[in-house]
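# Remarks on the overall topology
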Amino acid sequence: MFGDIMGMMGKLKETQKKVKATKERLNTVLIDETSSDGKLKVTLTANREIKSIEINDSLMEDKEQLEDYLVLTLNKAIEKATNVNEAELAAVAKDGMPNIPGMDSLFK
């Protein structure tokens, strides 16, 4: 019994390390999103950190239009990045969960 607990604790620590490494790797995964007409492009990491914004000069003439473009395009990019982030972290967490007897019955 004690060996099982130690084994589970070791597995959890290993999973924590893998999650941390995955989060660091996601800083290098870039997500690009471009407005439908190509006038605005944003790039962010899968950890949702903005890396760049490219704005067509024509958008600089209308502040309200530029703001609308930014909101729409950034929200789409953030949604994509969130999906990548959550999928990657969920895969690592699921793979690293210890097999605890009886836990399956709690989730049925």
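It should be noted that the structure appears before, not after, this text.
Scope of this entry: the structure provided in the associated data block.

Turning next to the overall build of the protein. Secondary structure assignment for the protein yields 3 helices and 3 strands. Here the protein holds 108 residues, and 23% of them are scored as buried. Restricting to contacts in the protein with at least 6 residues of sequence separation, those with at least 24 account for 53%. Of the roughly 7,800 Å² of accessible surface on the protein, 56% is carried by carbon and sulfur atoms.

A grouping of I50, I53, I55 and M60 is seen on the molecular surface, where their side chains present a nonpolar patch of about 350 Å² in accessible area. Counting through the fold element by element, I55 comes out in strand β3 (residues 50-55). Accessibility expressed as a relative area gives 33% for I55, which makes it partly exposed.

Evaluation of the coordinates by the stated rule reveals 6 salt bridges. Here E88 ties to R25 by a salt bridge, and the two come within 2.5 Å at their closest N and O atoms. Here the residue E88 occupies a position in helix α2 (residues 63-96), and R25 occupies one in helix α1 (residues 2-26), the gap between them amounting to 63 residues. A salt bridge links K51 to E49; the shortest N-O distance between them is 3.5 Å. In this structure K51 comes out as partly exposed when scored by relative accessible area, which is 48%. The network of salt bridges with common partners includes E33, K76 and K80.

Reading guide: rules and limits
- Residues numbered from 1 in each chain as written.
- Predicted model: local features only at pLDDT ≥ 70, side-chain atom pairs only at ≥ 80, totals over all residues.
- Heavy atoms only, no water.
- Helix = DSSP H or I, 4+ residues; strand = E, 2+ residues; numbered from the N terminus.
- Buried < 20%, exposed > 50% of the residue type's maximum accessible area, 1.4 Å probe, protein only.
- Contact = heavy atoms within 4.5 Å.
- Areas by Shrake-Rupley, 256 points an atom, 1.4 Å probe, with all protein chains shown as cover.
- Patch = residues over 30% accessible without salt bridge, like charges linked within 9 Å, V, L, I, M, F, W, Y side chains within 5 Å.
- Salt bridge = Lys/Arg side-chain N within 4 Å of Asp/Glu carboxyl O.

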